[in-house]
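Observations on the model geometry
Chain by chain, the residues:
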Amino acid sequence: MAEAHQAVAFQFTVTPEGVDFRLSREALKHIYLSGINSWKKRLIRIKNGILRGVYPGSPTSWLVVASATAGSSYYNVDISMGLVNHIQRCLPERYGPYWTPQTRALLSMAVVSTGVWMIGIFFFRQTLKLLLSYHGWMFEMHGQSSRVTKVWAICVRLLSSRRPMLYSFQTSLPKLPVPSVPATIHRYLESVQHLLDDEEYSRKEMLAKEFQEKTAPRLQKYLVLKSWWATNYVSDWWEEYVYLRGRTPLMVNSNYYVMDLVLMRSTDVQAARLGNAVHAMIMYRRKLDREDIKPVMALGIVPMCSYQMERMFNTTRIPGKDTDTLQHLTDSRHVAVYHKGRFFKVWLYEGSRLLKPCELELQFQRILDDPSPPQPGEEKLAALTAGGRVEWAQARQAFFSSGKNKFALDAIERAAFFVALDEESHHYDPEDEASLSLYGKALLHGNCYNRWFDKSFTLIAFKNGQLGLNTEHAWADAPIIGHLWEFVLGTDTFHLGYTETGHCLGKPNPMLAPPQRLQWDIPEQCQAVIESSYQVAKALADDVELYCFQFLPFGKGLIKKCRTSPDAFVQIALQLAYFRDRGKFCLTYEASMTRMFREGRTETVRSCTRESTAFVQAMVEGRRVKADLQDLFRKAAQKHQNMYRLAMTGAGIDRHLFCLYVVSKYLGVSSPFLAEVADDGYGVSYMIAGENTIFFHVSSKFSSSETNAQRFGNHIRQALLDLADLFQVPKADS
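Here the structure is a predicted model, which is why all the values come from computation and not from measurement.

Describing a nonpolar patch on the surface
- A contiguous nonpolar surface patch, about 510 Å² in accessible area, is contributed by Tyr74, Tyr75, Val77 and Ile79.
- Mapped onto the secondary structure, valine 77 falls in the loop between α3 (59–74) and α4 (83–90).
- Given a relative accessible area of 43%, valine 77 falls into the partly exposed group.

In structure tokens, the structure reads:
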């Protein structure tokens, strides 16, 4: 209880002589420093809000305008066209001893200068928004920009040349446009025609035509109205209906994982690696709060929307019976840690000072050395976040709404993020192919109760110092967490470093209060619910077949020699692999981002196109000469790239149909056409890691008799090799 007493600023005892106060100077000092730090953050937010609000203007530009107005007056030149004199006449003539004609003149010039400055900012912002609505550059061949695109690029650079903060461009980003119904229906029918027989396609075409003529016009009007009113006509519904209203477990179904650097190791000391990583994450959060992170820019000039980054830290998904909610705090000064069935609260600051990596290592090592056993029901408690959402919501209300359970749960849900200290070791061993798959499964679901799946992300540290993330999907998409992870790994490797023995650099303060053990009082009824959720989650985890492998024969370098985009190359290889695996084609979902629009998230690229199926069938038949196959491949690649560009520029299919479906449900309108929209297939993610390597993560379900992740992975390998042979490009030794 020593740490509890240290946390109390004062105590008092009622005695016969009166009330005895005992003040803790150290605690009061920490409270004082914490308050100072809080006010500093508020002032920084106010300052950033002002600077962001006037971008691309600046206080300097206002000073230039004001100086020009005052200077022109000195030379008896009225560039305000009489506005200064008009405002001066409207001001009272007598108002205190310092209210002189000169004061009135200066105030009038300041008002006019500010007005001109604000009008200029508005004009520049609207011009920039108009320029950013141009997407012709995306459809031009690399290195063959048109004159219009070159002029456009110069104008965008001029209007955004001043160093922007993270959210400077938010109000200048265009809104996501609502596609026309005929265009969406046409693209939809085009995407399914080659997958259906003549009878099925005729039926689908009839339903689409009926929908377009009778139902869609009414739905589209509501959608257009929403696009005028809302910042983004898709994102809020996408977050609510695709994520927050889902009642199935988050684990496996929604949450995803991120791996560590698998080809290099920095230290084997678990607590040290975690100390550096947590310190780097809070450094990133500080940059995020101060908006010191530069916006992501396509081509170095086109800003991407940054709004998803706001909820990266201090965010938790709260379960509800009908729908979940996202709880986001402006700040959090601790992390919640899980180890050997126990939960701990670890402070990240001492007063206003961020703990050094070596001090965080000390805190995590204290947890690792703590021999205390779990309390009854504590060990598998997090299984509630891995099971059904309704069951978790009911248990939360019944057993965690008051007392010590509420206090402990608040410590987890109000943490900056969740940390899992695993007892297992995982890493990628090139000599053991199964090692990467086991590593991936450990990150995806662990043992079903050593991750807090509701947190925005769980930082996982294995016993051998390897790291990873398990990330909740509702608050943001993978590129957002990828930006954080890239910063953490880079900071850990190139800036923080380790001693020769693998520990964090520096000497910790041994007087730091130890981590606080969270206390629970979990009754048997709650333990039964926990066990039930665990069984649901375990069945789900056991059904996941994950096959991860490193493809070594070639990477981005060889693909570029084929004169196609690496993404199109891999996607066509996946179509070839799937046809060989199943003997048929299916609708394929590839996510593209729509972050060139304000609050944009993702859109679907239907990568199983008529052109890709034509190429695959020709490859499988083996009757065409290489020149014909190369021509079919290039047509398929060009079609894929065009589909990807259409999706990125707001002309996709699926998000529009999704929103029309939502409107139909609001209006109580049934549509056989909208009810039949669906997709199917394996789960495949891949990373083109440099010039000579591609990593693949292939998932399927053991319960499915038709799929096999490892079999499909082998088909992917062979498809990539066959495409390389098609272009007769020599491969690196595998």
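Still more ground to cover, so stick around.
Here we look at the sheet that holds strand β16 (residues 544–551)
- Read from one edge of the open sheet, three strands run β16-β20-β19, paired in antiparallel fashion. What marks the edges here is a single partner per strand, and that holds for β16 and β19 (683–688). Strand-to-strand twist across the sheet, computed as the mean angle between neighbouring axes with direction ignored, equals 10 degrees.
- Bridging between β19 and strand β20 (residues 694–701) involves six bridges; their strand directions are antiparallel. By the bridge assignment, valine 684 is partnered in β20 with valine 698.
- Across the sheet, helix α14 (residues 434–444) is in contact with β16 and β20; its angle to β16 comes to roughly 130 degrees.
- Along the sheet, helix α18 (residues 566–582) makes contact with β19 and β20, crossing β19 at roughly 145 degrees.

Observations regarding the environment of serine 704
- Tracing the backbone shows serine 704 in the loop between β20 and α23 (709–726).
- By relative accessible area, which is 26% here, serine 704 ends up partly exposed.
- For the pair formed by serine 704 and glycine 300, sequence separation is 404 residues and the distance between their alpha carbons is 45 Å.
- Within polar-contact distance, the side chain of serine 704 engages the side chain of threonine 707 at 3.2 Å.

Quick look at the domain arrangement of the protein
- Along its sequence, the protein is carved into domain 1 (8–51), domain 2 (54–133), domain 3 (181–238 + 546–725) and domain 4 (239–545).
- Listed as interface residues are 33 residues of domain 3 and, on the opposing side, 33 residues of domain 4.
- Both sides of the domain 3 and domain 4 interface together cover about 2800 Å² of buried area, and 52% of this is carbon and sulfur.
- Close ionic contact of arginine 601 with aspartate 477 constitutes a salt bridge, the shortest N to O distance being 3.0 Å.
- Taken together, the links from domain 3 to domain 4 amount to 25 residue pairs in polar contact (both at pLDDT 80 or more).
- Counting residues per element, the ones that place at least two in the side of domain 3 that touches domain 4 are α9 (235–244), β16, α21 (654–667), β20 and α23.
- Here the side of domain 3 that touches domain 4 takes six residues from β20, the largest share from any one element.
- Its residues assigned to classes, the side of domain 3 that touches domain 4 comprises 16 nonpolar, 10 polar and seven charged.

A few points about the nonpolar core
- The biggest cluster of nonpolar side chains holds 80 residues, and the ones touching the most others in it are Met281, Phe417 and Leu459.
- Counting the residues that make up this core, at least three belong to each of domain 3 (181–238 + 546–725) and domain 4 (239–545).
- In contact with phenylalanine 417, not counting residues within four places along its chain, are Val278, Met281, Ile282, Phe313, Val335, Ala336, Lys455, Phe457 and Leu459.

With respect to the sheet that holds strand β13 (residues 457–461)
- Here we have seven strands laid out as an open sheet, ordered β3-β14-β13-β12-β8-β9-β15, and mixed in their pairing. At either margin of the open sheet sits one strand with a lone partner, and together these are β3 (256–259) and β15 (516–517).
- Sheet analysis places β13 next to strand β14 (residues 467–471), joined by five bridges and oriented antiparallel. Paired with isoleucine 460 across the bridge in β14 is glycine 468.
- Packed onto the sheet, helix α11 (residues 357–369) meets β8 (334–339), β9 (342–347) and β12 (418–421) and runs at close to 160 degrees relative to β9.

Procedures and definitions
- Residues numbered from 1 in each chain as written.
- Predicted model: local features only at pLDDT ≥ 70, side-chain atom pairs only at ≥ 80, totals over all residues.
- Heavy atoms only, no water.
- Patch = residues over 30% accessible without salt bridge, like charges linked within 9 Å, V, L, I, M, F, W, Y side chains within 5 Å.
- Areas by Shrake-Rupley, 256 points an atom, 1.4 Å probe, with all protein chains shown as cover.
- Salt bridge = Lys/Arg side-chain N within 4 Å of Asp/Glu carboxyl O.
- Helix = DSSP H or I, 4+ residues; strand = E, 2+ residues; numbered from the N terminus.
- Buried < 20%, exposed > 50% of the residue type's maximum accessible area, 1.4 Å probe, protein only.
- Pairing = 2+ DSSP bridges.
- Axes fitted to C-alpha atoms, helices over the stretch in contact; angles between N-to-C directions.
- Contact = heavy atoms within 4.5 Å.
- Polar contact = N/O pair within 3.5 Å; in protein donor to acceptor, adjacent residues only side chain to side chain.
- Domains from an automatic or database assignment.
- Buried area = accessible area lost by both parts, 1.4 Å probe.
- Nonpolar A, V, L, I, M, F, W, Y, C, P; charged D, E, K, R; others polar.
- Core = buried A, V, L, I, M, F, W, Y, C linked by side-chain atoms within 4.5 Å.

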